[in-house]
Amino acid sequence: AVGMISLGVDGCKGGWIAFRLTDVDASFAVFESIESQWSQWAAPSDLCSFDIPVDLAETDLYRSCDRLARKLLGARHSSVFNPPVRSALAASTRGEAAAKNESNTAKRISKQTQHIIPKIRQVDRFLVSTPQARGVIRETHPEVLFHVLNNGSPLSIKKSFSAGIDERLDILEHYYEFSRQLATHAFTSITRSTVRRDDVIDASVCAVVGLVSKSKAGSLPEKPGIDGYGMPMVIVIPGTALKEIV
């Protein structure tokens, strides 16, 4: 029996890198679109954790989940940036998106956010048109996950460095023994022009946390706000099951 299925997904140059973990096997693949990833992999999964903002505000740029994630990370808070409001996704140019965001929130969109708006738009349109995916696809944040997995201690090296990749794989191996083996396979079999090494790490931690937390994942905040489509504005974090494992 396969048991629980946990997917971890991150945006990449080639589309989306996804890791699929069960109690008995593991695999990864690159998908061009959310639709293809969902139809081929996600529909039967118990949990699909995305490193992308999923639930967007309409007027307030500062979601409480982002505020709490930054507070948790302390000195590394800059890795959590504010997503755009939903109306900004309809813009046809970066300038128009920035203007819409500023008129709704009085805040500008950061360069990092501008870069991932096409990915945010793709997920948002999919969730709006596919109600059955809501509650299965959930937002998380790799650096927040690693912080919690590392017993609340800040990571010392950025993931853009090889030593930072190693540091994160050391942590992952503690929870899922095949983490390094799986990531190394991905590094060697997928070109870096399609998927960067840090994309592999981010998708991996999303999948591992889903598997080891089972159905006991926690959230920031514990009582989330709801967006315009009834989806909770929340960042999923490792739950109580981790304490039983460690």
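For the structure, see preceding data.
Residues numbered from 1 in each chain as written. Predicted model: local features only at pLDDT ≥ 70, side-chain atom pairs only at ≥ 80, totals over all residues. Heavy atoms only, no water.

1. Structural notes on the overall build of the protein
- A tally of regular secondary structure across the protein gives nine helices and seven strands.
- Expressed as lengths along the three principal axes of its C-alpha atoms, the size of the protein is roughly 50 × 40 × 35 Å.
- For the protein, the exposed surface amounts to about 11,300 Å²; the carbon and sulfur share of it is 53%.
- Of the side chains in the protein, 29 bear a positive and 27 a negative charge, and the two mean positions are spaced by 5 Å. (Helix = DSSP H or I, 4+ residues; strand = E, 2+ residues; numbered from the N terminus. Areas by Shrake-Rupley, 256 points an atom, 1.4 Å probe, with all protein chains shown as cover. Lys, Arg positive; Asp, Glu negative; His and termini not counted. Charge placed at Lys NZ, Arg CZ, Asp CG, Glu CD.)

2. Details of unusual backbone geometry
- Cis rather than trans, the peptide bond between L220 and P221 has omega equal to -10 degrees.
- Residue placement: P221 occurs in strand β6 (residues 218-226).
- Of note in this structure, N151 is not a glycine but carries a positive phi near 60 degrees.
- Mapped onto the elements, N151 comes out in the loop between α5 (142-149) and α6 (162-175).

3. A word on the side chain of D227
- Mapped onto the fold, D227 is located in the loop between β6 and β7 (232-237).
- Overall, D227 belongs to the buried group, its relative accessible area being 7%.
- Look past the residues within four positions of D227 in its chain and what remains in contact with it is D55, L56, R86 and M233. (Buried < 20%, exposed > 50% of the residue type's maximum accessible area, 1.4 Å probe, protein only. Contact = heavy atoms within 4.5 Å.)

4. Looking at the packing of α5 against α6
- In contact at an axis separation of 10 Å, α5 and α6 are set at 60 degrees when each is read in the N-to-C sense. Between α5 and α6 lies a crossing whose hand is left-handed. Between α5 and α6, the residues in contact are E143, F146 and L149 and R168, I171, L172 and Y175, respectively.
- Here the contact of α5 with α6 is composed, by residue class, of five nonpolar, no polar and two charged. (Axes fitted to C-alpha atoms, helices over the stretch in contact; angles between N-to-C directions. Left-handed = near helix turned anticlockwise from the far one by under 90°. Nonpolar A, V, L, I, M, F, W, Y, C, P; charged D, E, K, R; others polar.)

5. Focus on the sheet that holds strand β2 (residues 15-22)
- Within the open sheet, the five strands sit side by side as β3-β2-β1-β4-β5. Their pairing is mixed. Two strands in the sheet have a free side with no partner beyond their single neighbour: β3 (26-31) and β5 (137-139). Averaged over all pairs of adjacent strands, the angle between their axes in this sheet comes to 25 degrees, without regard to strand direction.
- When strand β1 (residues 5-12) meets strand β4 (residues 47-50), the two strands line up parallel, connected through four bridges. (Pairing = 2+ DSSP bridges.)

All we've got here are geometric facts, nothing functional implied.
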